[in-house]
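So you can see what is in the structure, the chains are spelled out below.
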Amino acid sequence: MSAVQITSLGVPSQLTGPAQALIDLSGIRVFTGLSVIARMLGDEIIEQIQAADSDVVVQRRVIAEITPELAAIGLSRVLIYARTPTLSNLKNFQEDFHYQMRTVFGTLQRPRWGGVLFPELFPEETTPLEPTALLFPFHLHSELEDIDYFFLVERNAALRFLRITIEPVHQTRLDLQRIAHVVVDDLERRTYIQGLTRAAESFRLGLLRECEERRTEHAESDRRHPEFFAQLRDAGLGDCDTIAFQWPARLSSIITSLPRTNALDFLKRVLLTLEDRDLTRQLNEGLTLEVRTSDARAFLDVSRLGRTLNIAFGEPRRHADLQAYLDRMPLLRSLSAERPAAFAGADIFLIHHITGEILAVIKALEAMGAARVTVLFVRYAGVAPAEYLEVLLSLPRSRFEFFGLQRVESDVRGHYVLSDLLSPLEGLEDLSAALRERRLDFFDAMRLVAGRLFFRAAGTAKAEGRRIVLLEDGGYLGPDLQRFCAEDVSVTKVADGYGAFLSSAGESLSEWLLPFFPGSVEHTRNGYDRLLQTAASVPSLKFPSVSIAVSNLKRGDEAGEVAVTVMHAIESVLHGLGLVLSRRRLLVLGCCGAIGSRLMIQLNGRGHAPWGVDVAAPTGELAGFRSRIVSAPNELPEEALLDLDLIVGVIGTSILQPAFFETWLTRSRRPALFLASGSTKTLEFADLSRWLQDLEAGKARLGGASVRLTRTPIRDPQTRLILGARVIIETDARVFPALYLLADLTPINFLFYGVPTETMDAILTQLVQLGAAIAGESGLAPGVYALDREIDADGRSL
């Protein structure tokens with residue numbers, strides 16, 4: 001773009017910096033009701049064409065209540081004339097014709113063209129002494145053969161009307177050489193957006209609501225305004241599905257006190273810039289556009305791979321910075337600074353939660369020299385903050401890719417598909433289709449997606465001569481890779497199982513993978529246990545798998561903090577329902593484990609006497625408490641079972657069978673029953689999910705009777721976020737106690753904040769440090785190694 005360029009808005013755009021342009025919209029006239037009058041005129045023309053008994057002659061009075069600005073500039077009528085054959089095939093292109101009508105009226109707002117017909121409105125424009133005509137050569141901008149006409153728009157100032165003549169190009173009876181006119185030559189550069197007033201009013205109300213709540217951000221999505229966003233995409237913002245508004249706190253009082261007409265006027269001016277295809281192209285290329293009027297300004301840019309249009313009032317928006325997340329974690333930051341080449345020549349495949357701490361890990365991996373980082377996020381319940389998505393999708397796609405799953409509410413259990421909020425899914429269409437068809441639960445869907453994405457990333461690493469290291473939270477992939485390599489499964493068979501393609505026919509996976517795959521690092525106890533089970537079931541392992549799952553930090557500090565966050569999350573959901581934890585009767589599954597024992601300690605310290613189930617004998621740590629512990633669910637006394645109304649699972653496996661839930665539901669003395677998982681998996685209540693699904697499908701009965709299930713979301717009363725599901729089961733004779741599935745039976749602490757950064761800093765530093773040891777070819781023999789048991793944080797044998 002040149003230093004100064006005339007936009008299709010009829011005003012100049014000027015570069016003010018390497019990535020910013022300025023456009024002053026003070027001179028634009030913002031009219032109301034243009035879409036309405038254009039539609040009315042278009043419909044009347046169509047009616048006359050259908051009658052087919054004469055030339056088209058339409059005359060409509062300008063109504064001040066519909067188009068006050070047109071009335072104010074002295075227009076009383078609009079006259080349209082077209083000879084009979086000109087629009088004879090109009091039925092074939094009615095929407096195109098309606099768009100042309102809107103374009104004609106929208107053009108009047110722009111100084112460059114409006115000044116031709118209404119010089120008194122645009123005195124700053126250089127215009128002829130006598131008003132001339134505007135010629136719209138629509139035939140030059142359409143591939144349809146039927147659109148072989150132009151519009152000539154003239155103003156009769158004395159008689160206060162606008163004349164629009166629609167003439168065929170090749171058979172025109174107008175002598176254009178004798179009619180002073182100007183050709184509107186920017187039709188291909190702009191898109192007239194219908195419904196600007198309606199959209200601006202909706203956006204204004206949203207901004208007021210957020211200001212009243214003392215917030216400084218507001219978002220509008222294509223779900224609320226599908227037609228408006230479809231037009232934005234047509235105008236050049238091809239992937240836009242969100243408009244994110246932002247403003248400094250000091251402007252909140254100004255926004256709330258601004259008169260409605262002033263606010264609408266400015267919002268419409270801002271949105272008008274999106275009709276210019278040159279400007280939308282520059283926004284897509286990374287330009288920030290500053291829009292000014294005499295007393296306000298806004299800054300526009302696009303982010304999240306073009307999906308979000310950002311509009312910041314008063315000052316440029318605050319850009320999220322990945323380094324800021326790393327700065328919150330001093331231990332990890334120090335490690336990354338001390339070892340800037342630890343991952344040089346290596347790609348990373350990371351499976352972990354979408355939290356601020358993991359954003360810090362991604363930055364640390366980059367700072368430590370990782371060539372490419374592919375992340376599969378473990379997404380349970382809750383919502384990924386917009387700020388996380390903003391910063392992740394601002395990273396270069398050549399080095400970073402991010403994927404995750406989203407839940408589909410297909411039935412009471414639900415299933416999982418690839419999320420479209422992260423990196424583009426090009427090349428993964430077959431995987432998306434397989435997930436929709438197979439309707440897998442979370443764990444199985446994660447295993448399938450992890451394998452597919454890993455082998456895609458591994459193929460790239462191998463082709464480009466780099467190593468690849470697996471860092472994961474949950475054992476989704478590492479145990480399977482160990483088993484495939486140990487059993488000499490062919491590359492082709494493994495790739496086919498994940499729907500991947502690898503050009504290595506005849507090789508075993510170990511022959512293909514191990515030369516550039518030094519090993520894996522596991523975070524969780526479940527993943528560590530799966531590795532140990534794999535090691536016990538195969539003749540020998542083929543690569544080192546190290547784990548932090550049973551480290552001193554994990555079993556100590558982190559376990560205690562997880563217990564705190566689980567209880568906090570449960571209480572938060574209960575409080576939103578108007579309930580309290582103190583009146584619940586609890587059962588803790590896995591009560592003697594690292595997290596479970598601390599839950600029992602917390603509950604006893606607050607006066608509870610929870611029941612516990614654990615195959616391990618009660619530890620001395622629990623001695624003297626009022627808790628009662630059994631080794632299996634069927635050992636619970638009947639009186640205790642019927643009085644329970646909250647079950648918390650931190651055991652990592654499903655031990656409660658349908659018979660247990662049938663007894664609990666049909667004989668419980670409580671009006672509502674609550675279930676919450678605090679594990680790092682979705683397995684705590686897998687049998688319950690399957691049983692509920694069978695009940696819903698009519699494959700199982702309750703008390704010998706068929707049932708009806710009704711599932712409604714549990715919503716936070718303030719944020720309106722979904723915090724789980726309420727399931728009502730009823731027969732013709734009875735309604736059973738409501739089942740509250742907190743966080744949809746996924747780990748409940750991830751509804752909120754997870755484990756605090758202060759605790760996770762040390763834990764994740766160990767994860768990255770061990771990853772660096774593996775990437776540096778630590779010399780460990782194939783096997784499973786636990787931090788603080790067999791190895792230290794640098795992978796050295798203890």
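Values in this document were obtained by computation on a predicted structure and should not be read as measured data.

## So, the overall build of the protein
Point 1. Scanning the protein from terminus to terminus reveals 25 helices and 30 strands.
Point 2. Overall, the protein is about 100 × 70 × 55 Å in size when its C-alpha atoms are taken along their principal axes.
Point 3. Residues counted as buried form 56% of the 798 residues belonging to the protein.
Point 4. For the protein, contacts bridging at least 24 residues in sequence account for 69% of all contacts bridging at least 6.
Point 5. Across the protein, the mean location of the 85 positive side-chain charges is 4 Å away from that of the 100 negative side-chain charges.

## Comments concerning the packing of aromatic side chains
Point 1. The final tally for this structure, using the stated rule, is 28 aromatic pairs.
Point 2. Each ring, one from F97 and one from F151, has its centre 6.1 Å from the other, and the planes form 50 degrees; the classification is tilted. With F97 in helix α3 (residues 94-107) and F151 in strand β7 (residues 149-156), this pair connects stretches of sequence that are 54 residues apart.
Point 3. Residue classification places F151 among the buried positions, given a relative accessible area of 0%.
Point 4. Between the aromatic rings of F400 and F402, the centroid separation amounts to 6.3 Å while the plane-to-plane angle is 10 degrees, which identifies the pairing as stacked.
Point 5. Members of the aromatic cluster, connected to one another through ring pairs, are F349, F454, F455, F484, Y498, W512, F516, F517 and F543.

## Digging into unusual backbone geometry
Backbone phi values are negative for most residues with the exception of glycine, while trans is the configuration of most peptide bonds.
Point 1. The backbone phi angle of L305 is positive, close to 60 degrees, even though this residue is not glycine.
Point 2. Along the chain, L305 falls in the loop between β13 (297-303) and β14 (308-313).
Point 3. Note on L305: relative accessible area 28%, which makes it partly exposed.
Point 4. Although it is not a glycine, A743 adopts a positive phi angle of roughly 55 degrees.
Point 5. Structurally, A743 is set in the loop between β29 (738-742) and α25 (757-775).

## With respect to the nonpolar core
Point 1. In terms of nonpolar packing, the biggest core is built from 83 residues, with F343, I362, L365, I570 and I748 touching the most fellow members.
Point 2. Every residue in contact with I570, bar those within four places of it in the chain, is listed here: L581, L646, V648, A676, L742 and I748.
Point 3. Judged by nonpolar contacts, the second largest core, of 48 residues, contains I351, M446, A495 and A500.

## Description of the pairing of strand β21 (residues 544-547)
Point 1. Burial along β21 is two-sided: P544 and V546 facing one way and S545 and S547 facing the other are all buried.
Point 2. When strand β20 (residues 520-522) meets β21, the two strands line up parallel, connected through three bridges. What sits directly across from E522, in β21, is S547.
Point 3. Remark: the β20/helix α19 (residues 525-537)/β21 crossover connection has right-handed handedness.
Point 4. As defined by bridge partners, β21 adjoins strand β30 (residues 783-786) across four bridges and the pair is classed as parallel. Looking at the pairing, S547 lines up with A786 of β30.

## Re the environment of D732
Point 1. Mapped onto the elements of the fold, D732 is located in the loop between β28 (722-730) and β29.
Point 2. Taking the C-alpha atoms as reference points, D732 and A705, 27 residues apart in sequence, are found 8.8 Å from one another.
Point 3. There is a polar contact of 2.9 Å between the side chain of D732 and the side chain of R708.

## Comments concerning the environment of L258
Point 1. With respect to the helices, strands and loops of the structure, L258 is situated in the loop between α7 (252-257) and α8 (260-272).
Point 2. Take L258: its relative accessible area is 37%, and that puts it in the partly exposed class.
Point 3. A C-alpha to C-alpha distance of 58 Å links L258 and C591, two positions 333 residues apart in sequence.

## Quick word on the sheet that holds strand β9 (residues 181-183)
Point 1. A sheet is described by the order of its strands in space; here six strands give the open sequence β4-β5-β8-β7-β6-β9, paired in mixed fashion. Taken across any chain shown, the strands that pair with only one partner, and hence form the sheet edges, are β4 (56-61) and β9. With direction set aside, neighbouring strand axes in the sheet form an average angle of 20 degrees.
Point 2. Contacting β4 and β5 (77-82), helix α1 (residues 34-51) crosses the sheet at an angle of about 150 degrees to β4.
Point 3. Set on the sheet, α3 makes contact with β5, β6 (133-136), β7 and β8 (161-168); between it and β7 the angle comes to about 35 degrees.

## Here's the deal with the pattern of salt bridges
Point 1. With the rule as written, the count across this model stands at 53 salt bridges.
Point 2. The shortest N-O distance in the salt bridge between D278 and R189 comes to 3.0 Å. Taken together, the residues span a long stretch of sequence, with D278 in helix α9 (residues 277-284) and R189 in the loop between β9 and α5 (196-212) at a distance of 89 residues. An identical accessibility class is assigned to D278 and R189; each is buried.
Point 3. Measuring nitrogen to oxygen at the nearest pair gives 2.6 Å for the salt bridge that ties K554 to E558. Taken as a pair, K554 and E558 lie in helix α20 (residues 552-576) at a separation of four residues, close to a single helical turn.

## Digging into the pairing of strand β11 (residues 242-246)
Point 1. The element β11 is extensively covered by neighbouring structure, given that five of its five residues are classed as buried.
Point 2. Side chains T242, A244 and Q246 project from β11 onto one buried face, and the interleaved I243 and F245 project onto a second face that is buried too.
Point 3. As paired elements, strand β10 (residues 217-221) and β11 share five bridges and run antiparallel to each other. Looking at the pairing, A219 lines up with A244 of β11.
Point 4. Inspection of the sheet shows β11 paired to β14 by five bridges, in the parallel sense. Residue pairing across strands places F245 opposite I311, the latter belonging to β14.

## Observations regarding helix α15 (residues 442-463)
Point 1. With 22 residues, α15 should reach 32 Å at 1.5 Å per residue; the first-to-last C-alpha distance of 31 Å fits that figure.
Point 2. G465, located one to two residues past α15, shows a positive phi value of around 75 degrees.

## What to know about the confidence of the model for the protein
Point 1. Across the protein, the average pLDDT comes to 90, with 96% of residues at or above 70.
Point 2. Confidence, expressed as mean pLDDT per element, reaches its minimum in the protein at strand β1 (residues 4-6) with 70 and its maximum at strand β19 (residues 467-472) with 98.

## Examining the side chain of E390
Point 1. Position of E390 among the secondary structure elements: in helix α13 (residues 386-392).
Point 2. Polar side-chain contacts of E390 include one of 2.4 Å to the side chain of S303.

## Observations regarding the sheet that holds strand β23 (residues 611-613)
Point 1. Judged by pairing direction, the sheet is mixed, and its eight strands sit side by side in the order β24-β23-β22-β25-β26-β29-β28-β27 without closing on themselves. Two strands in the sheet have a free side with no partner beyond their single neighbour: β24 (628-630) and β27 (708-715). Recorded for the sheet is a direction-independent mean angle of 20 degrees between the axes of neighbouring strands.
Point 2. Of the pairings in the sheet, the one linking strand β25 (residues 646-649) to strand β26 (residues 672-677) comprises four bridges and is parallel in character. Paired with G649 across the bridge in β26 is S677.
Point 3. Across the sheet, helix α21 (residues 594-605) is in contact with β22 (586-589), β23, β24 and β25; its angle to β22 comes to roughly 160 degrees.

The rules we used
Residues numbered from 1 in each chain as written. Predicted model: local features only at pLDDT ≥ 70, side-chain atom pairs only at ≥ 80, totals over all residues. Heavy atoms only, no water. Helix = DSSP H or I, 4+ residues; strand = E, 2+ residues; numbered from the N terminus. Buried < 20%, exposed > 50% of the residue type's maximum accessible area, 1.4 Å probe, protein only. Contact = heavy atoms within 4.5 Å. Lys, Arg positive; Asp, Glu negative; His and termini not counted. Charge placed at Lys NZ, Arg CZ, Asp CG, Glu CD. Phe/Tyr/Trp six-rings, centres within 6.5 Å; stacked < 30°, edge-to-face > 60°. Core = buried A, V, L, I, M, F, W, Y, C linked by side-chain atoms within 4.5 Å. Pairing = 2+ DSSP bridges. Right-handed = clockwise from strand over helix to strand, strands pointing away. Polar contact = N/O pair within 3.5 Å; in protein donor to acceptor, adjacent residues only side chain to side chain. Axes fitted to C-alpha atoms, helices over the stretch in contact; angles between N-to-C directions. Salt bridge = Lys/Arg side-chain N within 4 Å of Asp/Glu carboxyl O. Expected span 1.5 Å × (residues − 1). pLDDT = per-residue confidence, 0-100.

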